[in-house]
Amino acid sequence: MESTSIEKTARFGTLAVHAGQKPDAATGAIMTPIFQTSTYVQEAPGVHKGHEYARVSNPTRTALEGNLATLEGAAQGIAFASGVGATDAIVKSLRPGDHIVSSNDLYGGTYRLFRQVYEPFGIASSFVDMTDLAAVEQALRPETKLMWIETPTNPLIRVVDIRRLSDLAHAHGIDVAVDNTFATPYLQQPLALGADLVVHSTTKYLGGHSDVIGGAVCTSHADWVEKLRFQIKSTGAVPGPMDCFLTLRGTKTLHLRMERHCANARRLADFLDAHPKVGSVYYPGLPGDPGHELARAQMRDFGGMISFTLTDDDMDKALAVLSGTRVFSLAESLGGVESLIGHPATMTHASIPREERLAAGLSDTLIRLSVGIEDIEDLIEDLDQALAGV
Ligand SMILES: *Cc1c(COP(=O)(O)O)cnc(C)c1O
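Each value, and the rule that gives it
- Residues numbered from 1 in each chain as written.
- Predicted model: local features only at pLDDT ≥ 70, side-chain atom pairs only at ≥ 80, totals over all residues.
- Heavy atoms only, no water.
- Helix = DSSP H or I, 4+ residues; strand = E, 2+ residues; numbered from the N terminus.
- Rg over C-alpha atoms; globule rule 2.2 N^0.38 Å.
- Buried < 20%, exposed > 50% of the residue type's maximum accessible area, 1.4 Å probe, protein only.
- Areas by Shrake-Rupley, 256 points an atom, 1.4 Å probe, with all protein chains shown as cover.
- Lys, Arg positive; Asp, Glu negative; His and termini not counted.
- Charge placed at Lys NZ, Arg CZ, Asp CG, Glu CD.
- Domains from an automatic or database assignment.
- Buried area = accessible area lost by both parts, 1.4 Å probe.
- Salt bridge = Lys/Arg side-chain N within 4 Å of Asp/Glu carboxyl O.
- Polar contact = N/O pair within 3.5 Å; in protein donor to acceptor, adjacent residues only side chain to side chain.
- Axes fitted to C-alpha atoms, helices over the stretch in contact; angles between N-to-C directions.
- Parallel < 35°, antiparallel > 145°, perpendicular 65-115°, else oblique.
- Left-handed = near helix turned anticlockwise from the far one by under 90°.
- Contact = heavy atoms within 4.5 Å.
- Nonpolar A, V, L, I, M, F, W, Y, C, P; charged D, E, K, R; others polar.
- Near = heavy atom within 4 Å.
- Expected span 1.5 Å × (residues − 1).
- Pairing = 2+ DSSP bridges.

Caption draft 1: Summary view of the overall build of the chain. Summing up its helical and strand segments, the chain has 15 helices and twelve strands in all. On C-alpha atoms alone, the chain measures out to a radius of gyration of 21 Å, which is about the 21 Å that the 2.2 N^0.38 rule sets for 390 residues. With the principal axes as the frame, the chain shows a C-alpha extent of 75 × 50 × 35 Å. The burial tally for the chain puts 55% of its 390 residues in the buried class. Accessible area of the chain: about 16200 Å², with a carbon and sulfur share of 53%. Positive and negative charge centroids in the chain, built from 33 and 47 side chains respectively, lie 5 Å apart.

The following block contains the structure:
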């Protein structure tokens, strides 16, 4: 990545707005153009301006990759067509016989990819409680090649110690990937805590407006850059230039949006915690939360995701809350400006067998919130009326 003088000295918000981008050389356009092209004309065979074919590279994508790499403190960013595409490229870089150790509380699509796509190809995975270091150590095998961390976890919003797990992994020669989708680089920078790879679904907070699907991997390891560029060229899960443009527009306001997501979530978690019809509230910003101290050390703030249960473990009541909101929309996904309410057991985590969900602490009545950037009073009033209806 080219780095300008701004990128060496500026702070997060300035980098979010500017990193990876410069005015268009041909026109002066301040916004990176959407280079809607599949190929690039060469002056003579092999003599070109740095781009040959758009599966391999596209200037709009290059700008996004530079921006994401800078925000994560990485040497390189590699953009993918989706978060799952980014995860897939990492797993495909392993070999049959290799083993992955991962979390028992993680994105349902990652679980499905590891279990249903890669186990038949001979890449096995173990899913353990990653808040328990001894359990992780026990799950390591001689053939373990990758540790896959998500923190905060999905959907139980637990906090996992990136530094301690990275130390453990490296002592065994294992590379560490952190899915940083929930925290974003504004709240947490896994590479600085020892991880080797950071993975994003840019669909969520980085894009931030629920209008684009995308993914990325950021790393400073030259061997991983080479492997992932090889995957992009050879297996082709590339994002289109329009999608890169939208994501790049999203990252410019990441710091502002995250501040509001976090402030709203803190207020909402307090409201839920005090509500007589609410049972458990899972949010590391609550002082009594088991992840609170670690989150304070590892993150800048506590994020915008909350899960909770009702005092009555009753499916009909949970479904009534899920269908009873007016500002919160019932939908999968997260990280957009609008507030969403979801039901992990039937929506985002339906691909995980019920017994495994229950064993991991994910009850059928768990409700998950992606707290948006609306006015907090409207969000509280909305949940208040939805809870009053049960
Ligand atoms: C959404 C999500 C993914 C998958 O990303 P897509 O862009 O939907 O492919 C991976 N990890 C987490 C934590 C997610 O929330």
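Read on for the rest.
Caption draft 2: Up close: the domain arrangement of the chain. By the assigned domains, the chain splits into domain 1 (5-251) and domain 2 (254-388). Inter-centroid distance (C-alpha atoms) of domain 1 to domain 2 is 26 Å. In total, about 3300 Å² of surface goes out of reach between domain 1 and domain 2, with carbon and sulfur atoms giving 62% of it. Of all residues in domain 1, Tyr186, Leu187 and Tyr205 give up the largest surface area on contact with domain 2, accounting jointly for 24% of the area buried on that side. Our count for the domain 1 to domain 2 interface comes out at one salt bridge. Note that Glu356 is salt-bridged to Arg115, the shortest N-O span being 3.5 Å. The tally of links between domain 1 and domain 2 comes to 19 residue pairs in polar contact (both at pLDDT 80 or more).

Caption draft 3: Structural view of the packing of helix H4 (residues 83-92) against helix H9 (residues 222-235). Where H4 contacts H9, the axes come no closer than 10 Å and their chain directions differ by 115°. Taken together, the axis directions place H4 and H9 in an arrangement best described as roughly perpendicular. Along this stretch, H4 crosses H9, giving a crossing that reads as right-handed. Packed against H4, whose contacting residues are Ala89, Ile90 and Lys92, the element H9 presents Trp224, Leu228, Gln231 and Thr235 at the interface. Residues that form the contact of H4 with H9 fall into these classes: four nonpolar, two polar and one charged.

Caption draft 4: Structural detail: the environment of Phe245. Structurally, Phe245 can be placed in helix H10 (residues 241-251). Here Phe245 falls in the buried class, since its relative accessible area comes to 18%. When the C-alpha atoms of Phe245 and Leu64 are compared, they prove to be 7.5 Å apart, with 181 residues separating the residues in sequence. Sequence-distant contacts of Phe245, defined by excluding residues within four places in its chain, comprise Met31, Thr32, Ile34 and Thr60.

Caption draft 5: Quick peek at the packing of helix H11 (residues 254-274) against helix H15 (residues 376-388). Contact geometry for H11 and H15: axes closest at 10 Å, N-to-C directions at 30°. By the angle between their axes, H11 is roughly parallel relative to H15. Relative to H15, H11 is oriented so that their crossing is right-handed. Between H11, through Asn264, Arg267, Leu268, Phe271 and Leu272, and H15, the contact on the second element is made entirely by Ile376, Glu377, Leu379, Ile380, Leu383, Asp384 and Leu387. Class assignment for the residues of the contact of H11 with H15 results in eight nonpolar, one polar and three charged.

Caption draft 6: Highlighting the site of the ligand. The ligand sits among Ser82, Gly83, Val84, Tyr107, Asp179, Thr181, Phe182, Ser201, Thr203, Lys204, Gly214 and Leu334. One nitrogen or oxygen atom from the main chain of Val84 is found 2.9 Å from an oxygen atom belonging to the ligand. Within the contact set of the ligand, a nitrogen atom lies 2.6 Å away from a side-chain nitrogen or oxygen of Asp179. For the ligand, the accessible surface in isolation is 380 Å², of which the surrounding protein chains cover 92%. Across the shell around the ligand, the residue classes tally to four nonpolar, six polar and two charged.

Caption draft 7: Representation of H15 in the model. Its 13 residues place the ends of H15 18 Å apart at the C-alpha level, agreeing with the 18 Å of an ideal helix rising 1.5 Å per residue. Those residues of H15 that are buried are in contact with H11, strand E8 (278-282), strand E9 (305-310), helix H13 (315-324) and strand E12 (367-370).

Caption draft 8: Summary view of the sheet that holds E12. Reading across from one edge, E8-E9-E12-E11-E10 is the order of the five strands in this open sheet, with mixed pairing throughout. Each of the sheet's edge strands pairs with one partner strand only, and the pair in question is E8 and strand E10 (329-330). Sheet topology places E10 next to strand E11 (residues 340-342); two bridges connect them, and they run parallel. Residue pairing for E11: Ser329 is matched across the bridge by Leu340. Running over the sheet, H13 touches E9, E10, E11 and E12 and is turned about 140° from E9.

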